[in-house]
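Close look at the chain arrangement
Now for the letters of each chain:
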Amino acid sequence: MVLLRQLLGDVLRQLRLRQGRTLREVSAAARVSLGYLSEVERGQKEASSELLSSICKALGVPLSHVLREVADQLALAELQHEPVMAGAPEHERIPAESIPATPEGITGEFRADMVAA
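A short tour of the structure in this document, coming up. Everything numeric in this text was worked out from a predicted model, so none of it was measured.

Here is what the cut-offs are and how they apply
- Residues numbered from 1 in each chain as written.
- Predicted model: local features only at pLDDT ≥ 70, side-chain atom pairs only at ≥ 80, totals over all residues.
- Heavy atoms only, no water.
- Salt bridge = Lys/Arg side-chain N within 4 Å of Asp/Glu carboxyl O.
- Helix = DSSP H or I, 4+ residues; strand = E, 2+ residues; numbered from the N terminus.
- Buried < 20%, exposed > 50% of the residue type's maximum accessible area, 1.4 Å probe, protein only.

1. Some details on the pattern of salt bridges
- Scanning the entire structure with this criterion turns up 4 salt bridges.
- Note that Arg 5 is salt-bridged to Glu 46, the shortest N-O span being 3.7 Å. Taken together, the positions of Arg 5 in helix α1 (residues 4–18) and Glu 46 in the loop between α3 (34–41) and α4 (49–59) put the pair 41 residues apart, joining distant regions of the chain.
- Judged by relative accessible area, which is 58%, Glu 46 ranks as exposed.
- A salt bridge links Arg 13 to Glu 41; the nearest nitrogen and oxygen atoms lie 3.8 Å apart. Of the two residues, Arg 13 is situated in helix α1 and Glu 41 in helix α3; the sequence distance between them amounts to 28 residues.
- For Arg 13, a relative accessible area of 25% puts it in the partly exposed group.
- A network of salt bridges, in which partner residues are shared, links Asp 10, Arg 13, Arg 16 and Glu 41.

Spatial relationships are all this shows, so hold off on functional conclusions.
This is the structure:
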């Protein structure tokens, strides 16, 4: 099961390690506690947009780049039919084969419901 916070943490850790920087260096530059940054990187904490922005500035990487990397990894997980919604009861999950590949694959009735909502 893939969690968004885990993907985000993985991307942030990979960027930090590619730069050869320590958690201590990045946490000081981002003005975030070392422990909290570690928990974000391990996917144990969900970072606010302000915190993400601060971490990205400390890494010298645009937030859009980080989010694009996360989106790419999430798309790969979805293509591999891994459940993305952690903790969702089985009866609430939508089988991947029932999700239309294109907007044209959505029936008129479903589309009308979407517009009415």
